[in-house]
Amino acid sequence: MFKTKRKFLALLITCTFLLITACGGGAGTAGSNTAEPTKSAAGGNAGTETGAPAEPVTIEFWYGLGGKLGENMQTLIDQFNNSQQEVIVKPVVQADYTETERKLQAAIASGNVPGAVLSSNVDWARKGYYAPLDELIAATADFNPEDVIPTFLEQGKVDGKQFFLPMYGTTQVMYYRKDALEKQGLTPDDMKTWEGLAAAAEKMAVKEGGKTSFYGWEPMWGAGNMIDAVYSKGGTILSEDGKTVLIDAAEWVETWDLFRKWIHEDKIMRIHSGGQGWEYWYKTIDDVMKGQAAGYTGSSGDQGDLDFSIVAAMEQPGWEGIGEGKPVAEAIMAGIPSAASPEQQQAAMKWYNFFMSAENTAFWSMNTGYIAVRQSALDNPEFVAFSEQNPQATIPLKQATHASKPFQDPTGGKIQDALSIAADKVQISNVPAAEALKEAKETAQRELDRINK
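Heads up: these notes are all about the structure in this document. Every chain is numbered on its own, with residues counted from 1 as its sequence reads. Where totals are concerned, whole chains, interfaces and linings use all residues; where local detail is concerned, this predicted model gives features only for residues with pLDDT of at least 70, and gives and counts side-chain atom pairs only at 80 or more. Neither water nor hydrogens contribute to the side-chain values; these are computed over all heavy atoms in the structure.

Let's talk about the overall build of the protein
Working step 1: Strands here mean DSSP runs of E at least two residues long; helices mean DSSP runs of H or I at least four residues long; both are numbered from the N terminus. A count of helical and extended segments in the protein gives 17 helices and 13 strands.
Working step 2: For every residue, the accessible area obtained with a 1.4 Å probe (protein chains only) is divided by the maximum for its type, and the residue is called buried under 20%, exposed over 50%, and partly exposed between those limits. Going through the 453 residues of the protein one by one, you find that 47% of them count as buried.
Working step 3: By sequence separation, contacts in the protein at least 24 residues apart represent 72% of the contacts at least 6 residues apart.
Working step 4: Working definition of accessibility: Shrake-Rupley area with a 1.4 Å probe, residue cover restricted to the visible protein chains. Here the protein displays about 22,200 Å² of accessible surface, and carbon together with sulfur accounts for 52% of that area. Contacts between residues were defined by any pair of non-hydrogen atoms, one from each residue, lying within 4.5 Å.

This is how it looks when you write it as structure tokens:
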């Protein structure tokens, strides 16, 4: 009896072992049906031979956008999360861009970083705090970098490597009252050069008793508009080797002194300056909308504040005999912290590629007034239909295709400060441009020499 039970138990154990072996197979053995888990595009496990779904990679996306901008960002995040099962983007909202960078600095110090962030910092990229994106871009088959606005993509490069990707862009364009041009028999073609704009402004301006009651044009306060005009004439801030400040060159002096003349001598243009925050900006807009000026130079993001039954938009002018304008177009960039895991970095790239698609960058442009980052957005059916009803929407994107990239100040803002002081002297105090720019050049060169040493 005992022997029978022992034989039966041995037989039961043997059958059980054979059954388990047949069902499961030996992990890693020759002839086994078991393979290593495959990797998803987001870097997570896509599943095993049992067909079990992988857990999605969750990343935080930090950004400082509120109001309508924040609502539109949330819309795209929701669309992305619902469009696939590999990545979940968790929005983390800050008050503004500055707060995002401040919190990111603390996160980098602690090592607990988000997977994606709407922020960029050249110095931090050089220090290794941001991950280079070239390999991630190359591994993303449908990214197509040739379709991205060249000046925007270039702005994301640091020492030849792509560290940041443009989410959207901004540039300053021209807004004019249609009735003011029609009254004088003018068309936008008459203002395609700075010389032509000055002539049109002279014709549209209304002067009574030595005072101007209606201005032909209103540049925006600050150095920006005048720098745009200098770039369009071929001027630069620094020499190619980055060692010499060139803001006292002829292109600068001639251009800035024309602005001074138009404002103070001819009195066909004026600027609003000072005030609290953006007060000067909205006073400029109000002058045009209330019929006190024929037009102004302002942001592509102003379009939500304008009545396009009254005004229309056009690109900034070039110069006679030189070519089309080359004003600055600035990209709002996103990056990936280097401390994020490889899976998080791949997930962040998948999210960025979705946001930057022609369809979604067109959606962003239509709903915010900012510039789509892909040239193919102009062919997006919804954008085409929208632009037929709102032709002003295409102007910033068209201008961005031949724009200049923003100046990256190697002195940490000292050169830009010198230019701002010089601009105030020219625009507000009627100081000759040669004098104002000479002083600015001396200050800027001193700061640049200190850095280069």
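Side note on the pattern of salt bridges
Working step 1: When a carboxyl oxygen of Asp or Glu lies within 4 Å of a side-chain nitrogen of Lys or Arg, that pair is called a salt bridge. Applying the stated criterion across every chain, the model contains 20 salt bridges.
Working step 2: Across the pair Arg126 and Asp159 runs a salt bridge whose closest N-O atoms are separated by 3.1 Å. One end of the pair, Arg126, is in helix H4 (residues 122–126); the other, Asp159, is in the loop between strand S6 (157–158) and strand S7 (161–162), and 33 residues separate them in sequence.
Working step 3: Since its relative accessible area comes to 61%, Asp159 is described here as exposed.
Working step 4: Residues Arg270 and Asp287 are paired through a salt bridge, measuring 2.8 Å at the closest nitrogen-oxygen approach. Taken together, the positions of Arg270 in the loop between helix H10 (250–265) and helix H11 (279–289) and Asp287 in helix H11 put the pair 17 residues apart, joining distant regions of the chain.
Working step 5: For Arg270, a relative accessible area of 24% puts it in the partly exposed group.

Some details on the packing of aromatic side chains
Working step 1: For this analysis, a ring pair means two rings from Phe, Tyr or Trp (six-membered ring only for Trp) whose centres lie within 6.5 Å, classed as stacked if their planes differ by under 30 degrees, edge-to-face if by over 60, and tilted for the remaining angles. Scanning the entire structure with this criterion turns up 24 aromatic pairs.
Working step 2: Three or more aromatic residues link up through ring pairs in this structure, and these residues are Phe61, Tyr63, Phe80, Tyr168, Trp351, Tyr352, Phe354, Phe355, Trp364 and Tyr370.
Working step 3: Criterion for a charge above a ring: Arg CZ or Lys NZ at most 6 Å from the ring centre, at most 35 degrees from the ring normal. For Arg374, the ring lying beneath its charged end belongs to Phe143, and the centroid distance is 5.0 Å.

What about helix H9 (residues 224–232)?
Working step 1: Of all nine residues that make up H9, eight are buried, and the element is covered over most of its length.
Working step 2: Considered for burial, the residues of H9 that qualify are Asn225, Met226, Ile227, Asp228, Ala229, Val230, Tyr231 and Ser232.
Working step 3: The secondary structure elements touched by the buried residues of H9 are strand S8 (165–177), helix H8 (194–204), H10, strand S11 (295–299) and helix H16 (414–427).
Working step 4: Looking one or two places after H9, you find Gly234, whose phi comes out positive at around 100°.

What about the nonpolar core?
Working step 1: Residues Phe61, Met73, Leu118, Leu165, Met167, Trp351 and Tyr352 are the most contacted members of the largest nonpolar core, which totals 63 residues.
Working step 2: With seven residues, helix H12 (residues 342–355) is the largest single contributor of residues to this core.
Working step 3: Apart from the residues within four sequence positions on either side, Leu118 is in contact with Phe61, Trp62, Tyr63, Leu65, Tyr97, Thr100, Met167, Tyr168, Ile332, Met333 and Ala334.
Working step 4: Ile247, Phe259, Ile271 and Ile415 belong to the second largest nonpolar core, which has 51 residues in total. Each nonpolar core is a collection of buried residues, namely Ala, Val, Leu, Ile, Met, Phe, Trp, Tyr and Cys, held together in the definition by side-chain atoms within 4.5 Å.

Brief notes about H8
Working step 1: Within H8, burial applies to Trp194, Gly196, Leu197, Ala198, Ala200, Ala201 and Met204.
Working step 2: In this structure, the buried residues of H8 make contact with S8, helix H7 (178–183), strand S9 (206–208), strand S10 (211–214), H9 and H10.

What about the packing of helix H2 (residues 67–83) against H12?
Working step 1: Taken N-terminus to C-terminus, the directions of H2 and H12 make an angle of 120°; their axes are 11 Å apart at the nearest point. For the pair H2 and H12, the sense of crossing is right-handed. Here Met73, Leu76, Ile77, Gln79, Phe80 and Ser83 of H2 come into contact with H12, specifically with Lys350, Trp351, Phe354 and Phe355.
Working step 2: Three categories are distinguished: nonpolar for Ala, Val, Leu, Ile, Met, Phe, Trp, Tyr, Cys and Pro, charged for Asp, Glu, Lys and Arg, and polar for the others, with Gly belonging to the last. Split by residue class, the contact of H2 with H12 holds seven nonpolar, two polar and one charged. Axis lines are fitted through C-alpha atoms, for helices just across the contact stretch, and the angle between N-to-C directions can take any value from 0 to 180 degrees. Handedness of a crossing is defined here by the sense of rotation of the near helix relative to the far one, left-handed for an anticlockwise turn of less than a right angle and right-handed for a clockwise turn.

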